[in-house]
Amino acid sequence: MMMGFDLGHSSSDSTYSSKLLATCLIGGVVMGVSVLGFYLAFPPPRPLSWRRKKKPIRVYMDGCFDMMHYGHCNALRQARALGDQLVVGVVSDAEIIANKGPPVTPLNERMIMVSAVKWVDEVIPDAPYAITEDFMKKLFDEYNIDYIIHGDDPCILPDGTDAYALAKKAGRYKQIKRTEGVSSTDIVGRMLLCVRERSVSDSHNHSSLQRQFSHGHSQKFEDGGSGSGTRISHFLPTSRRIVQFSNGKGPGPDARIVYIDGAFDLFHAGHVEILKLARELGDFLLVGIHTDQTVSAHRGAHRPIMNLHERSLSVLACRYVDEVIIGAPWEVSKDTITTFNISLVVHGTVAEYNNYPKGKDDPYAIPISMGICKQLESPLDITTTTIIKRIVSNHEAYQKRNEKKAKSEQSYYENKAFVSDD
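If you're wondering where the values come from, they're calculated on a predicted model, not measured in any experiment.

Reading the values: rules and limits
Residues numbered from 1 in each chain as written. Predicted model: local features only at pLDDT ≥ 70, side-chain atom pairs only at ≥ 80, totals over all residues. Heavy atoms only, no water. Helix = DSSP H or I, 4+ residues; strand = E, 2+ residues; numbered from the N terminus. Buried < 20%, exposed > 50% of the residue type's maximum accessible area, 1.4 Å probe, protein only. Salt bridge = Lys/Arg side-chain N within 4 Å of Asp/Glu carboxyl O. Phe/Tyr/Trp six-rings, centres within 6.5 Å; stacked < 30°, edge-to-face > 60°. Lys NZ or Arg CZ within 6 Å of the ring centre and 35° of its normal. Pairing = 2+ DSSP bridges. Axes fitted to C-alpha atoms, helices over the stretch in contact; angles between N-to-C directions. Contact = heavy atoms within 4.5 Å.

Topic: unusual backbone geometry
- Residue Pro 304 follows Arg 303 across a cis peptide bond; omega there is -5 degrees.
- When you line up the elements, Pro 304 lands in the loop between helix H12 (292-299) and helix H13 (308-316).
- Located in the positive-phi region is Asn 144, a residue other than glycine, with phi close to 55 degrees.
- By the element assignment, Asn 144 lies in the loop between helix H5 (133-141) and strand S4 (147-151).
- Even without a glycine there, the phi angle at Phe 264 is positive, about 50 degrees.
- Checked against the element boundaries, Phe 264 lands in the loop between strand S6 (257-262) and helix H11 (269-279).
- A relative accessible area of 5% means that Phe 264 is categorised as buried.

Dropping the structure here:
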């Protein structure tokens with residue numbers, strides 16, 4: 001009896017289990033399809049490695065960049081640090097004339113200079129002096145600019161308004177620290193001072209004047225005397241600034257090291273183009289920069305206009321330069337060649353001083369005797385003297401330009417506050 005009961009109950013259970021199993025299978029399939037549909041409709045976030053690359057932050061900075069110097073370069077360095085890509089607008093000649101007076105260097109030369117700065121990713125020619133609503137929209141929509149950058153010194157238009165008012169209103173403005181000790185106005189002032197002093201008396205103590213230039217100031221300005229209308233401030237060189245401008249990398253073990261030397265005073269487009277040519281001849285470009293005393297001895301008592309540290313920073317900012325020797329000797333010696341493992345010594349056809357004496361007094365005598373010296377055809381016929389002559393030939397116009405700038409320069413220095421330049 002017990003045996004029969006057990007057998008009958010087992011058969012009923014089996015049928016029930018089969019139905020339950022079938023129901024579960026059908027339900028599982030339906031649930032699986034539902035889950036799959038939900039997954040396809042709302043996929044979960046992918047792992048970080050699969051995500052789209054983050055959009056780079058693009059920043060914009062504009063300027064005249066007339067007689068480009070290390071102050072401009074430091075501004076561009078700071079601007080680049082605020083984003084991933086730096087776009088630079090170079091103001092047209094016509095806009096500079098209308099707002100500031102005649103530029104010393106034309107647009108094509110200024111474009112060469114800005115493009116050569118190692119922190120610049122893209123350059124826009126003929127940028128407007130003031131950020132208009134239309135141009136700002138173009139920056140945001142066409143160039144994908146996130147922020148507009150300017151220094152902590154005010155940029156006031158002839159009508160008295162702020163050139164960056166619209167960018168500030170849009171909440172897309174960021175500020176950097178102005179570089180102390182130099183401006184284009186200051187450099188023009190140094191040359192105008194030179195012209196005025198030389199015209200007063202040929203017996204003027206030229207050596208004293210050269211030292212004033214080399215230290216970036218004039219006694220007359222510091223005493224509040226009359227002058228070209230420019231406050232010429234002190235340049236304060238620091239090791240930190242040199243580190244900020246340096247690449248921080250040495251040549252590889254088998255690198256072909258190319259060496260070029262010079263004064264590189266009033267760093268200009270001619271310098272940039274010859275450095276570009278030199279860099280193409282090797283893997284590492286080493287640039288020797290002569291001392292103030294060496295430059296003065298070979299190029300006149302009023303040279304250099306820029307001192308050794310100022311000239312070094314301008315050269316270091318150039319994208320074609322890997323390293324500099326600050327205070328290189330006039331003669332390229334065997335010891336210099338061995339110490340820096342130099343493979344090739346070059347110099348251009350266009351230079352301030354190219355009438356080198358033949359034989360042992362030639363500064364390139366050693367590399368010539370070693371068969372490692374090459375003269376390069378200079379792409380541009382521009383020298384430091386070219387720049388100075390432009391100032392001298394139109395010095396009255398530049399005198400007025402500097403006097404016009406004097407009030408804003410004085411106001412900046414009287415009211416300036418600390419701003420970090422990291």
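Here the narrative resumes, following the displayed structure.
Digging into the pattern of salt bridges
- Under the definition given, this model contains 10 salt bridges.
- A salt bridge links Arg 303 to Glu 352, with the shortest nitrogen-to-oxygen separation between them at 3.5 Å. Taken together, the residues span a long stretch of sequence, with Arg 303 in the loop between H12 and H13 and Glu 352 in the loop between strand S9 (342-348) and helix H15 (365-369) at a distance of 49 residues.

A closer look at the packing of aromatic side chains
- Inspection of the entire model under this criterion finds four aromatic pairs.
- Relative to Phe 135, the ring of Tyr 60 has its centre 6.0 Å away and its plane inclined at 65 degrees; by these criteria the two rings are edge-to-face. Of this pair, Tyr 60 sits in strand S1 (residues 58-63) while Phe 135 sits in helix H5; the two residues are 75 residues apart in sequence, bridging distant segments of the chain.
- When its relative accessible area of 0% is taken as the criterion, Tyr 60 is described as buried.
- Given a relative accessible area of 11%, Phe 135 falls into the buried group.
- One residue, Lys 174, lies across the ring of Tyr 147, its end atom 4.2 Å from the ring centre.

Remarks on the sheet that holds strand S7 (residues 284-290)
- Strands sit in the order S8-S7-S6-S9-S10 across an open sheet of five strands; the sheet is parallel. Among the strands making up the open sheet, the edge pair consists of strand S8 (323-328) and strand S10 (373-376). Neighbour-to-neighbour, the strand axes of this sheet turn through a mean angle of 25 degrees, independent of strand direction.
- With five bridges joining them, S7 and S8 adopt parallel strand pairing. The partner of Ile 289 across the bridge, within S8, is Ile 326.
- On the sheet, H13 packs against S7 and S8 and is oriented at approximately 160 degrees with respect to S7.

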